[in-house]
Amino acid sequence: MDDRQQVNGATMVFRGPSMRPTLTEPALLDLETVAPEALRRGDVVAFWSPELGRHVVHRIVGGDAAGWVTRGDNNPGDDPQLLSAAQVVGRVVAASVGRRQRRVVNGARGLRRHHWLRVRRVLRRIVARASVGRLLRRMARGVARRLPVAWRPTRRQYADGRVQWLLGRRVVARQSSPGAPWRGLWWARFLVDEDEWR
């Protein structure tokens, strides 16, 4: 939530990335009043945060009625302060973006969804770092060595230190000075042996 949210009885405007993909901004949230003893892990709740001085919408991930632990579905860690029942504005039951309204999953199913989203985020990071980095470089090395010489880009180095890779007359990659990052078309790396990029 940001400072511009409006709390009007049973609705609230949500803004911010902390609950993606469960909630996207700007969403109009439907809230239901809930007794403190009815709150459970997995519930998405709107509450007042005195530390931030604004309303926040996060999921309850632990604790009990003495103090709930909350976290945004898109956040890496728990919120620093425990949530008390007095701070809770309501439980989020639905979110509307434009004309589309959908139910927000709470309780045990909501907690399973929260854990799945965390696992998915970690897996995406691992794939992005490991696979794309190392695997594509290995593939590039193998593809480049098997290409006919006529299909491989040619390297042109200038006296001022600039380097260009040309495919025919088209510049597919360039380095403005030694040690500077390479700029160019992503697929050009598949056409050149990795050792030659240095």
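Residues numbered from 1 in each chain as written. Predicted model: local features only at pLDDT ≥ 70, side-chain atom pairs only at ≥ 80, totals over all residues. Heavy atoms only, no water.

Colleague: I'd like a rundown of the overall build of the chain, residues and numbers included.
Modeller: Along its length, the chain carries 1 helix and 12 strands. Mapped from its N terminus to its C terminus, the chain presents α and β elements in the order β-β-β-β-β-β-β-β-α-β-β-β-β. Long-range pairs, those at least 24 residues apart, make up 51% of the contacts in the chain with a sequence separation of at least 6. Accessible area of the chain: about 12100 Å², with a carbon and sulfur share of 54%. (Helix = DSSP H or I, 4+ residues; strand = E, 2+ residues; numbered from the N terminus. Contact = heavy atoms within 4.5 Å. Areas by Shrake-Rupley, 256 points an atom, 1.4 Å probe, with all protein chains shown as cover.)

Colleague: How would you explain the sheet that holds strand β10 (residues 163-167) if you had to name every residue and give the values?
Modeller: One open sheet holds the 4 strands; their spatial order is β9-β10-β11-β12, and the pairing between them is antiparallel. This sheet does not close on itself; its edge strands, each paired only once, are β9 (154-157) and β12 (183-184). Of the strand pairs in this sheet, β9 and β10 are connected by 4 bridges, and their pairing is antiparallel. Residue pairing for β10: Q157 is matched across the bridge by V163. (Pairing = 2+ DSSP bridges.)

Colleague: A description of the nonpolar core should follow, citing residues and the corresponding values.
Modeller: Ranked by size, the top nonpolar core spans 13 residues in total, and within it F14, L23, L29, V57 and V92 carry the most contacts. When contributions to this core are tallied by element, the ones reaching two or more residues are β2 (11-14), β3 (27-32), β4 (44-49) and β7 (88-97). It is β3 that provides the largest number of residues to this core, a total of 3 residues. If sequence neighbours within four positions are ignored, L23 has contacts with F14, L29, V57, A95, R102 and V104. With 9 residues, the next largest nonpolar core counts F47, V56, W68 and L83 among its residues. (Core = buried A, V, L, I, M, F, W, Y, C linked by side-chain atoms within 4.5 Å. Buried < 20%, exposed > 50% of the residue type's maximum accessible area, 1.4 Å probe, protein only.)

Colleague: An account of the layout of surface pockets is needed here, citing residue identities and associated values.
Modeller: Approximately 310 Å³ is the volume attributed to the largest pocket. Lining the largest pocket are 22 residues, with S49, L52, V56, H58 and D79 positioned closest to its centre. Where the lining of the largest pocket is concerned, the elements lending two or more residues are β4 and β5 (54-64). Counting residues per element, the lining of the largest pocket draws most heavily on β5, which supplies 3 residues. Looking at the lining of the largest pocket residue by residue, the class counts come to 8 nonpolar, 9 polar and 5 charged. (1 Å grid on protein atoms, 1.4 Å probe; cavity = no way out; pocket = protein on both sides within 12 Å on 5 of 7 lines; lining within 4 Å. Points joined across faces, edges and corners; volume = space filled by probe spheres on them. Nonpolar A, V, L, I, M, F, W, Y, C, P; charged D, E, K, R; others polar.)

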